[in-house]
Amino acid sequence: MSSPVTPAPAAAAPTAPPLPALILLVACAGAVGALLRLSLGQVIPEHGMKFPWTTLLINITGSGMLGMLTGIAAARPALRRWAVPVLGTGLLGSYTTFSLVILAVMPAVPGGAFEKLSAVTYVNPGTVEMLFYLLISVIASTGAAAAGITVGRAIFGGVEDPYVRRSARSDLDPGGERR
């Protein structure tokens, strides 16, 4: 008589690292993101530009990468425990900074706190250019994030909406057909 086959234990869901380790990982990733942002700023300096192209490029690419990370995390829930804080908050949070968008716009505000700084750093942009820049930043960064989410979910198997509960799909048979 053969012994009954016992199923292999299910792999335990990955857990997040302990909080002190997670904080250290986020800080290290934040340092890397800040250095990436600084390096790109050195390669494409904004000094003397009337339109902050470098900041716009950084925010659009960072939004796309953050969207892709979000899409991948939606498709692979186990990844979420460490990747979103480390790569999202740390790396991409320091790579893309909204404060740089505001700093780029402030020289257009007459009498503002950055007026003396803007005389040294930027060619004083006009109000129309800065409003256009803000509009482009919001629309392009949002579009890049949406595209990143879509690509991340499609590549890593999350085309199904992760926010729809399984019980809402109970009227489907295993083949996906309606009963």
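Note that the coordinates shown come from a computational prediction; the quantities given were computed from them, not determined experimentally.

Another aspect to go through is the overall build of the protein. Scanning the protein from terminus to terminus reveals six helices and zero strands. For the protein, the α and β elements follow one another from N to C terminus as α-α-α-α-α-α. Intrachain contacts of the protein at a sequence separation of at least 6 include 68% that bridge at least 24 residues. Here the protein has roughly 11500 Å² of accessible surface; of this, 72% comes from carbon and sulfur atoms.

Time to look at the packing of helix α1 (residues 19–43) against helix α3 (residues 80–95). Orientation of α1 relative to α3, taken along the N-to-C sense of each, is 30°, at an axis distance of 6 Å. With respect to their mutual orientation, α1 and α3 come out roughly parallel. Seen along the crossing, α1 lies across α3 with a hand that is right-handed. Here Leu22, Leu25, Val26, Ala29, Gly30, Val32, Gly33, Ala34, Leu36, Arg37 and Leu40 of α1 lie close against α3, whose contacting residues are Pro85, Val86, Thr89, Gly90, Leu91, Ser94 and Tyr95. Residues of the contact of α1 with α3, tallied by class, amount to 12 nonpolar, five polar and one charged.

Between the first and last C-alpha of helix α6 (residues 127–155) there are 41 Å, a value that for 29 residues agrees with the 42 Å anticipated at 1.5 Å per step. Along α6, the positions that sit buried rather than exposed are Met130, Tyr133, Ser137, Ser141, Ala144, Gly148, Gly152 and Arg153.

Quick look at the packing of α1 against helix α2 (residues 53–75) now. For the pair α1 and α2, interaxial distance at closest approach is 10 Å and the crossing angle is 145°. By crossing handedness, the relation of α1 to α2 is classed as right-handed. Of the residues in α2, those in contact with Arg37, Leu40 and Gly41 of α1 are Thr54, Thr55, Leu57 and Ile58. Partitioning the contact of α1 with α2 into residue classes produces three nonpolar, three polar and one charged.

This part is about the side chain of Thr96. Along the chain, Thr96 falls in the loop between α3 and α4 (98–105). There is a polar contact of 2.9 Å between the side chain of Thr96 and the backbone oxygen of Leu92. Not counting the four nearest positions on each side in its chain, Thr96 is found in contact with Ile58, Asn59, Gly62 and Ser63.

On the surface, Met68, Val151, Ile155 and Phe156 cluster together into a nonpolar patch covering about 320 Å² of accessible area. Structurally, Phe156 can be placed in the segment after α6. Relative accessible area serves as the criterion here: at 32%, Phe156 is assigned to the partly exposed category.

The rules we used
- Here the residue numbering is sequential within each chain, running from 1 through the sequence in written order.
- Only residues with pLDDT of at least 70 are given local features in this predicted model, and only at 80 or more are side-chain atom pairs given and counted; all residues enter the totals for whole chains, interfaces and linings.
- Hydrogens are left out, water is left out, and the side-chain values use all remaining heavy atoms of the structure.
- By definition, any uninterrupted DSSP run of H or I lasting at least four residues is a helix, any uninterrupted run of E lasting at least two residues is a strand, and each is numbered from the N terminus.
- Any pair of residues with heavy atoms lying within 4.5 Å of one another is described as a contacting pair.
- Accessible areas in this description were obtained via Shrake-Rupley with a 1.4 Å probe; residue shielding takes into account the shown protein chains only.
- The angle between two axes is taken between their N-to-C directions and runs from 0 to 180 degrees, where each axis is a line fitted to C-alpha atoms and a helix contributes only its stretch in contact.
- Orientation categories follow fixed angle ranges, with anything under 35 degrees roughly parallel, anything over 145 roughly antiparallel, 65 to 115 roughly perpendicular, and all other angles oblique.
- By the definition used in this description, the sense in which the near helix is turned from the far one sets the handedness, with an anticlockwise turn below a right angle giving left-handed and a clockwise turn giving right-handed.
- Note on residue categories: nonpolar means Ala, Val, Leu, Ile, Met, Phe, Trp, Tyr, Cys or Pro, charged means Asp, Glu, Lys or Arg, and polar means any other residue, Gly included.
- By this rule the span expected of a helix is its residue count minus one, scaled by 1.5 Å.
- When a residue's accessible area, from a 1.4 Å probe over protein chains only, is under 20% of the maximum for its type it is buried; when over 50% it is exposed; and in between it is partly exposed.
- Two N or O atoms form a polar contact when they lie within 3.5 Å of each other; inside protein one atom must be a possible hydrogen donor and the other a possible acceptor, and for residues adjacent in sequence the pair counts only when both atoms belong to side chains.
- Patch rule: a residue counts if its relative accessible area is over 30% and it has no salt bridge; like charges are joined within 9 Å, and nonpolar side chains (Val, Leu, Ile, Met, Phe, Trp, Tyr) within 5 Å.
- Salt bridges are defined by distance alone: a side-chain nitrogen of Lys or Arg within 4 Å of a carboxyl oxygen of Asp or Glu.

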